[in-house]
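Each chain, written out:
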Amino acid sequence: MIKIQKEDFNSDEEIHNIKKIHSNVGAVNSFIGYVRDNNNNENVQSINIEVYEDMAHRQLQKIINEANTKWKLIDCLIIHRYGKLRVNNKIVLVTCFSEHRKDSFESCNYIMDYLKKDAPFWKKEFYNNKSEWLSNSK
Amino acid sequence: MKIIYFAWIKDITNFPEELLDPNEIKNLDSLKKYIVSKYPDLKKHLDQKILRFAVNQEYIVENIDLKKNDEIAVFPPVSGG
């Protein structure tokens, strides 16, 4: 399941809502990305995330499909927020559900790597007196 | 056809999107020529291969032909996650 949204989310509820429909799941691995208060030696006040939503859905689904060819996954959840976010706010959740831990651990890492490389989201960070667009390729 | 701009590219074009004449823009190379002639500040980013192009939500690097209902996106390297 892929969700691209402005709103915050409850990680436990989101994970539980998927887990409860799969009684064969024995391993769940999650990554949560947060807005932190410091980047490039600047005090971060907030960030704004822009998204190309149609393409983001398509690219994230492709990444999930690719992960499914490499690991034995039962389900996968990606939530990525956009809009204005403040320090300590959640940005992204990736959760992989499998029978065994290796599949969920490794696929979660893989999905995050490719999300950061291919998914069309852009962060603009706001500091005390200026702002800057970020690039994951830097 | 429609072209849409994201992130700091939009700061250069001053428009989030525009409609192009498909009779004048036949392929991706001609679209690149069009945007750098209209927005000269994009040229150095194109030359440095910083600009990314997507056609109908798929990354495109080769010079494909463009069709009248295509949606072309121009954007910088992504920074999600």
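Numbering of residues begins from 1 in every chain and follows the order in which that chain's sequence is written. Note on labels: chains are lettered from A, ligands numbered from 1, in written order. Where local features are concerned, this predicted model is filtered to residues with pLDDT of at least 70; where side-chain atom pairs are given and counted, the filter is 80 or more; whole-chain, interface and lining totals use all residues.

**A look at the sheet that holds strand S7 (residues 83-86) of chain A**
All names here are of chain A. The cut-off we apply is this: The rule for pairing is simple: two strands pair if DSSP sees at least two bridges between them. To qualify as a helix, a DSSP run of H or I must reach at least 4 residues; to qualify as a strand, a run of E must reach at least 2; elements of each kind are numbered from the N terminus. Fitted lines through C-alpha atoms give the axes, limited to the stretch in contact for helices. The angle between two N-to-C directions lies from 0 to 180 degrees.
Overall, antiparallel pairing links the four strands, which are arranged S7-S5-S9-S10 in an open sheet. Both edges of this open sheet fall to S7 and strand S10 (131-133), since each of them pairs with a single strand only. Strand-to-strand twist in this sheet, taken as the mean axis angle between neighbours without regard to direction, amounts to 25 degrees. Two elements, strand S9 (residues 121-126) and S10, share three bridges in a ladder whose sense is antiparallel.

**Some points on the confidence of the model for chain B**
Our working rule: A score from 0 to 100, pLDDT tells how confident the predictor is in each residue.
Of the residues in chain B, 100% reach a pLDDT of 70 or more, and the chain-wide mean stands at 96. Per-element mean pLDDT across chain B ranges from 95 in strand S2 (residues 17-19) of chain B up to 98 in strand S3 (residues 52-55) of chain B.

**Comments concerning the nonpolar core**
Keep this limit in mind: One nonpolar core equals one set of buried Ala, Val, Leu, Ile, Met, Phe, Trp, Tyr and Cys residues connected by C-beta atoms within 7 Å. Residue burial is a threshold on neighbouring C-beta atoms within 10 Å of the residue's own C-beta, all placed from the backbone, with 20 or more meaning buried, 12 or fewer meaning exposed, and counts in between meaning partly exposed. We call two residues in contact when their backbone-placed C-beta atoms lie within 7 Å.
Cys-76 and Ile-111 of chain A together with Phe-6, Ala-73 and Val-74 of chain B are the most contacted members of the largest nonpolar core, which has 48 residues in total. Excluding residues within four positions of it along the chain, Cys-76 of chain A makes contact with Ile-64, Ala-67, Cys-96 and Phe-97 of chain A.

**Some thoughts on the packing of helix H2 (residues 53-70) of chain A against helix H3 (residues 101-118) of chain A**
The relative placement of two packed helices is expressed as an angle between their axes plus a distance between the axes. Residues and elements named next belong to chain A. Note the threshold: Under this scheme an angle from 65 to 115 degrees is roughly perpendicular, one under 35 degrees roughly parallel, and one over 145 degrees roughly antiparallel; angles in between are oblique. Crossing handedness is defined as follows: a turn of the near helix away from the far one that is anticlockwise and smaller than a right angle gives a left-handed crossing, while the clockwise case is right-handed. Under the convention adopted here, Pro, Cys and the residues Ala, Val, Leu, Ile, Met, Phe, Trp and Tyr are nonpolar, Asp, Glu, Lys and Arg are charged, and Gly plus all remaining residues are polar.
At a closest axis distance of 10 Å, the pairing of H2 and H3 adopts a crossing angle of 150 degrees. Viewed along their axes, H2 and H3 adopt a mutual orientation that is roughly antiparallel. With respect to the hand of their crossing, H2 and H3 are arranged in right-handed fashion. Residue-level contacts link Gln-59, Leu-60, Ile-63, Ile-64, Ala-67 and Lys-70 of H2 to Ser-107, Tyr-110, Ile-111, Tyr-114, Leu-115 and Asp-118 of H3. Each residue belonging to the contact of H2 with H3 can be placed in one class, and the counts come to eight nonpolar, two polar and two charged.

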